[in-house]
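# Working through the structure, step by step
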Amino acid sequence: MWVAGEWCAASDDATGEVLNPATGETIASVPRATIADVDRAVDASRTALNAPEWKAMDPAQRGRILNKMAAVTYQHAKSLAKLESENNGKTFREALSEIRYGAWTLEYYAGMSDKIEGSTIPVPGPRLNYTLRQPLGVTAHIVPWNFPLQLALRSIAPALAAGCTVIAKPASWTPLSLLSWARVIDEADVGLPTGVLQVLTGSGAIAGDALAGHPGVDGVVLTGGVPTGQAVMAKASENLTPVTLELGGKGANVVFSDANLRYAAKAICFGIFMNAGQMCWAGSRLLVHHDIHDALVEAVCAEVSKWPVGPGLEDGVRMGSLVHQRHREDVLEKLARGLKDGGKVVLGGNALDREGAFMEATVVTGVLPTNSLFQEELFGPVLTVTPFETDEEALKMANDTPFGLLNGVWTNDLGRAHRMARDLECGMVSINEYPITFPQTAFTGWKHSGIGVEQSQDALRFYTKVKNVNVKL
Ligand code: NAD
């Protein structure tokens, strides 16, 4: 782990094994942080926050450091992607594009570090009144296993741009890319003062919980499941610590009869079978107009049948392994439970009969909104299909889950597209492509999909505190 500028073991020397899910082999063992380790990291983070090297650093200099971090990330992107693929099961191509996206996020916020402005406020009388936006402080970043490095960089970048200090904790299944990235950043000597950025590895139940409830932590950013979000928020509430939560999703692609079916079919496959469906923003539901139902289902099945499934580092593979055997069991169990309530498997439906946590791309038609397959996040390569007749029915079904992250709308009718965008109950809508996001656009969920905003200028609000100053002249 990287604590107070040193590479260290856990205080009790405990370690956990890290596997390659495509082979089941142990590829590393990493420390399991204790509560004492969390205390030490939080103390070091506070010291770094208040040290003049960071506190008084010219904001433009923070930006230059972030640019150097981006450059180092691009430079090592291929070796980091290889490691990510080995540890998570995803394809090398996916891992590489994610890591480059993480580097781009660092660049984006590098340019923001000296543009975090307050305001002057017209108040009555001979007074000057203004606001300062000051760093939130010590921030804890609890990261999931599905995009291990990219999601860490997504919140590390704005936190550093705003002048906060960072303690990042990867998921215990996938700690290697974040550790290795921190190592190359450390070795490149980009100019980050000691302790500004730290990485703790270990379990959510011990290290994650201790970070969320620590009185020395000023903000907690979690990307994870809904129950974890609830636990983190409850824990953070003990100290009234603010949280940003990016949680689950149950995205729908709503396809109207005037859509371009060829593009739609490709994007629908990408939206649910990329990363073997282990995505919060997966388009796991296809809502399709009755008239084009059969043609689109056929096009989707034909498209994904062309995707070779196999180890992420093998040439030509389009869908890698799931992250862990245990996770695959969970997906298959949820699929079997849902099928008891109806639905017909028209493609896949099974584990692959080979070593590793592989699963077939699966398409289930005739899934009613009452079915758990329609309501629950499976977090695997399972697409449900539900037909609709009218725009109103499509909208009602799209909104009929506890989640509200990303939904897609497929139509060439401009009025219909914008009406849907207005009325969908979710943080993000994409029209005629799926899924899509950029560092400069908000990544945000409504309802059970989360609290707060990642990416974009809006994310910086979380990492700064507003102070109002009044001056009697
Ligand atoms: P998870 O909730 O199991 O774990 C996420 C992180 O939280 C891990 O680092 C884990 O160690 C930690 N954690 C677990 N229990 C904790 C606790 N009690 N206190 C503090 N920390 C704890 O999630 P996962 O299985 O790694 O990832 C899958 C979930 O993440 C899915 O639900 C997915 O939708 C969600 N996700 C959301 C987004 C988004 O941006 N909205 C992005 C990716 C993943």
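Quick caveat, the model's predicted, so the values are computed rather than measured.

This paragraph deals with the side chain of Gln278. Along the chain, Gln278 turns up in the loop between helix H10 (261–273) and strand E12 (285–289). Take Gln278: its relative accessible area is 1%, and that puts it in the buried class. Leaving out residues up to four positions away in the same chain, Gln278 has contacts with Trp145, Asn146, Phe147, Ser321, Leu322, Val323, His327 and Phe379.

One recurring pattern in soluble globular proteins is that nonpolar side chains are buried together. In this structure, Met69, Trp181 and Phe273 are the most contacted members of the largest nonpolar core, which totals 116 residues. There are two domains that each give this core at least three residues, and those are domain 1 (2–247 + 449–472) and domain 2 (252–438). In this structure Met69 touches Leu106, Leu160, Trp181, Ile185, Val190, Leu192 and Leu197, once residues within four positions along its chain are discounted. Formed by 28 residues, the second largest nonpolar core is a distinct cluster that contains Ala33, Leu200, Leu211 and Val220.

One can read the domain layout of the chain as domain 1 (2–247 + 449–472) and domain 2 (252–438). Relative placement of domain 1 and domain 2: their C-alpha centres are 31 Å apart. Interface area, domain 1 with domain 2, both sides summed: about 2,300 Å², of which 60% is carbon and sulfur. A per-residue breakdown of the area domain 1 buries against domain 2 is headed by Trp145, Trp173 and Ser449, which together make up 25% of the total. The tally of links between domain 1 and domain 2 comes to zero salt bridges. For the interface between domain 1 and domain 2, the tally reads twelve residue pairs in polar contact (both at pLDDT 80 or more). When contributions to the side of domain 1 that touches domain 2 are tallied by element, the ones reaching two or more residues are helix H4 (77–88) and helix H5 (92–110). Of the residues forming the side of domain 1 that touches domain 2, the biggest block, five residues, is contributed by H5.

Moving on, we get to the environment of His76. Topologically, His76 is positioned in the loop between helix H3 (59–75) and H4. Sequence-wise, His76 and Tyr434 are 358 residues apart; in three dimensions their C-alpha atoms are separated by 28 Å.

Turning to the sheet that holds strand E17 (residues 406–410), a few remarks are in order. Strand pairing in a sheet is mediated by backbone hydrogen bonds. Such pairs are either parallel or antiparallel. With respect to topology, seven strands assemble into an open sheet ordered E13-E14-E15-E12-E11-E17-E18, the strand pairing being mixed. Two strands in the sheet have a free side with no partner beyond their single neighbour: strand E13 (344–347) and strand E18 (428–431). Across this sheet, the average inter-strand angle for adjacent strands is 25 degrees, counted without regard to direction. As paired elements, E13 and strand E14 (residues 362–365) share three bridges and run antiparallel to each other. From the neighbouring strand, Lys344 faces E14, where its bridge partner is Thr365.

Turning next to helix H1 (residues 35–50). The end-to-end C-alpha distance of H1, which contains 16 residues, comes to 23 Å, matching closely the 22 Å that a straight helix rising 1.5 Å per residue would cover. Those residues of H1 that fall on the buried side of the exposure criterion are Asp37, Val38, Ala41, Val42, Ala44, Ser45, Ala48 and Leu49. Buried residues of H1 fall within an arc of 165 degrees about the axis and therefore sit on the same side. H1 presents Asp43 and Thr47 as exposed residues on the side facing more than 90 degrees away from its buried surface. Residues of H1 that are buried sit in contact with strand E1 (2–3), helix H2 (52–55), strand E6 (138–142), strand E7 (165–169), strand E8 (197–199) and helix H8 (204–212).

Before going further, it helps to spend a moment on the site of the ligand. Near the ligand there are 28 residues, and of these Val143, Trp145, Thr228, Leu247 and Glu377 occur at the shortest range. Between an oxygen atom of the ligand and a main-chain N or O atom of Gly204, the distance comes to 3.2 Å. Contact distances for the ligand include 2.6 Å between an oxygen atom and a side-chain N or O atom of Glu377. Protein burial of the ligand: of its 850 Å² of free accessible surface, 86% is covered by the chains. Secondary-structure elements contributing two or more residues to the shell around the ligand are helix H6 (148–161), H8, strand E9 (219–223) and helix H9 (226–237). Residue composition of the shell around the ligand, by class: 15 nonpolar, eight polar and five charged. When residues are assigned to domains, the shell around the ligand turns out to be shared by domain 1 (2–247 + 449–472) and domain 2 (252–438), each giving three or more.

Attention now moves to a nonpolar patch on the surface. On the surface, a nonpolar cluster with roughly 260 Å² of combined accessible area is contributed by Tyr74, Trp104 and Phe438. Looking at the secondary structure, you find Trp104 in helix H5. Judged by relative accessible area, which is 31%, Trp104 ranks as partly exposed.

Moving on, we come to helix H15 (residues 414–423). Among the residues making up H15, those that are buried are Arg416, Ala417 and Met420. Buried residues in H15, looked at end-on, bunch into an arc of 100 degrees, giving them a common side. Opposite its buried face, H15 presents the exposed residues Leu414, His418 and Arg422, each directed more than 90 degrees away. Elements in contact with the buried residues of H15: strand E11 (252–255), helix H14 (391–399), E17 and E18. One side-chain oxygen of the residue at the start of H15 lies 3.0 Å from the amide nitrogen of Gly415, identifying that residue as Asp413.

The rules we used
Residues numbered from 1 in each chain as written. Predicted model: local features only at pLDDT ≥ 70, side-chain atom pairs only at ≥ 80, totals over all residues. Heavy atoms only, no water. Helix = DSSP H or I, 4+ residues; strand = E, 2+ residues; numbered from the N terminus. Buried < 20%, exposed > 50% of the residue type's maximum accessible area, 1.4 Å probe, protein only. Contact = heavy atoms within 4.5 Å. Core = buried A, V, L, I, M, F, W, Y, C linked by side-chain atoms within 4.5 Å. Domains from an automatic or database assignment. Buried area = accessible area lost by both parts, 1.4 Å probe. Salt bridge = Lys/Arg side-chain N within 4 Å of Asp/Glu carboxyl O. Polar contact = N/O pair within 3.5 Å; in protein donor to acceptor, adjacent residues only side chain to side chain. Pairing = 2+ DSSP bridges. Axes fitted to C-alpha atoms, helices over the stretch in contact; angles between N-to-C directions. Expected span 1.5 Å × (residues − 1). Arc of directions from axis to C-beta. Near = heavy atom within 4 Å. Areas by Shrake-Rupley, 256 points an atom, 1.4 Å probe, with all protein chains shown as cover. Nonpolar A, V, L, I, M, F, W, Y, C, P; charged D, E, K, R; others polar. Patch = residues over 30% accessible without salt bridge, like charges linked within 9 Å, V, L, I, M, F, W, Y side chains within 5 Å.

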